Amino acid sequence: MSTNSEAERPNVARLYDYYLGGAHNFAVDREFADRSAGDVPTAAMVQQSRAFLRRAVRVCVANGIRQFLDLGSGIPTAGNVHEVAQQADPTCRVVYVDNEPATVAHSRTMLRDNAGAAIAEADIRDVPAVLGAPEVRDLLDLSRPVAVLMVAILPHVADHDRPAELVARYRDAVADGSYLVVSHLTADEQPELVAKVVGMAAETRTPIVARSKSDFEAMLAGFDLLEPGLVLAPSWRGEGDPVTGAEAVSYGAVGVKRPAG
Ligand SMILES: C[S@@+](CC[C@H](N)C(=O)[O-])C[C@H]1O[C@@H](n2cnc3c(N)ncnc32)[C@H](O)[C@@H]1O
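This structure is a prediction, so every number in the text was calculated from the model and none was measured. (Residues numbered from 1 in each chain as written. Predicted model: local features only at pLDDT ≥ 70, side-chain atom pairs only at ≥ 80, totals over all residues.)

> Outline the pairing of strand E2 (residues 93-98), supporting the account with residue identities and numerical values.
By the criterion of burial, E2 is predominantly enclosed, with six of the six residues buried. Every second residue of E2 is oriented toward a common face, with Arg93, Val95 and Val97 on one face and Val94, Tyr96 and Asp98 on the other, all of them buried. Note that strand E1 (residues 67-71) and E2 share five bridges and pair parallel. Residue Asp70 lies in a different strand from E2, and its bridge partner there is Tyr96. Between the parallel elements E1 and E2, the chain passes through helix H5 (residues 81-88) in a crossover that is right-handed. Bridge count between E2 and strand E3 (residues 117-121): five bridges; the pairing is parallel. If you follow Tyr96 over to E3, its bridge partner there is Ile119. Once the chain exits E2 it traverses helix H6 (residues 101-111) before rejoining the sheet at E3, and the crossover so formed is right-handed. (Buried ≥ 20, exposed ≤ 12 C-beta atoms within 10 Å, placed from the backbone. Helix = DSSP H or I, 4+ residues; strand = E, 2+ residues; numbered from the N terminus. Pairing = 2+ DSSP bridges. Right-handed = clockwise from strand over helix to strand, strands pointing away.)

Below you can see the structure in the form of structure tokens.
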């Protein structure tokens, strides 16, 4: 799957895969995950994030969306976008985007028999590169509504890369009626726990930053939010149980692009 150097440090896509029960991870990832499990319930956090993604994708399909652009997708393991969307409607088309070469190579192998799903290797901060990628051009019609997914990826975009402007550039590039599915790590509710998560990520190749509710809100400009609006991700059309502890670590929202003017 990869070179030795890639196996030397834990990698967030493979850690996600491990937390979700997948088989696409290395010993270094499993050791890192198991070592930190006592301190940080990361598996629970990843699973609630993926559950939000699945609920949101189902709502998009129910609302007529048939094409998905998943930015910073990781390995499309266990219950990912193409599985959920194509189960609801086999005509759904999904393009994943990631900039980590081993993740992309592995995802390509996984998706090779699926004519409606592909992965593009690109940096999501380079909007023209993403939108011009052959996989995007082949599978998606950007003159029609698309769901842009930015789930647990904006924490990887540093302040100096202006995450709110990045979201706005994707918003401006897609058709009216397109959807944004977005979540973001926050320390608003669980500051000590989230500080540990941020510290753990600093050991990987992909450091992260947590952001406040108002920072997150600024990323949603130009979108009309579906009910229940901007909430902790497990509360977004979740079971209705109180959201506490390791579940109260990210906000989630789904919006529809408002027509200009
Ligand atoms: C935390 S995982 C999120 C996975 C997925 N969105 C989910 O919710 O399960 C972040 C992924 O984003 C990728 N990534 C980080 N920065 C990126 C960038 N600038 N461009 C493209 N992918 C990036 C990493 O390689 C990793 O696979």
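> Describe in detail the environment of Tyr251, supporting the description with residues and values.
By the secondary structure assignment, Tyr251 is in strand E8 (residues 250-257). The exposure class of Tyr251 is buried, given the 27 C-beta atoms found within 10 Å. Sequence separation between Tyr251 and Ala164 is 87 residues, and the spatial gap between their C-alpha atoms is 15 Å. Leave out the neighbours within four places in its chain, and Tyr251 touches Ser183, His184, Thr186, Lys213, Phe216, Leu230, Val231, Leu232 and Ala233. (Contact = placed C-beta atoms within 7 Å.)

> Account for the site of the ligand, naming residues and giving values.
Not every one of the 22 residues close to the ligand is listed here, only the nearest: Ala13, Gly72, Gly74, Asn99 and Glu100. Of all the elements in the fold, those that place two or more residues in the shell around the ligand are helix H2 (12-19), helix H4 (42-62) and E2. For the shell around the ligand, the residue count by class is nine nonpolar, eight polar and five charged. (Near = placed C-beta within 6 Å. Nonpolar A, V, L, I, M, F, W, Y, C, P; charged D, E, K, R; others polar.)

> Let's hear about the nonpolar core: which residues, and what values?
Of all hydrophobic cores here, the largest spans 75 residues; its most connected members are Val148, Leu149 and Val181. When near neighbours in sequence (up to four residues on either side) are disregarded, Leu149 contacts Phe68, Leu69, Asp70, Leu71, Val81 and Val181. (Core = buried A, V, L, I, M, F, W, Y, C linked by C-beta atoms within 7 Å.)

> Describe the pairing of E8, with residues and values.
For E8, the buried fraction is high: seven of the eight residues fall into the buried class. When strand E5 (residues 179-185) meets E8, the two strands line up antiparallel, connected through seven bridges. Along E8, the bridge assignment pairs Leu185 with Ser250. In this sheet, E8 lies alongside strand E6 (residues 223-225) in antiparallel orientation, the contact comprising three bridges. By the bridge assignment for E8, Leu225 is matched with Gly255. Relative to E8, strand E7 (residues 231-232) runs antiparallel, the two sharing two bridges. When the sheet's bridge partners are listed, Leu232 is paired in E8 with Tyr251.

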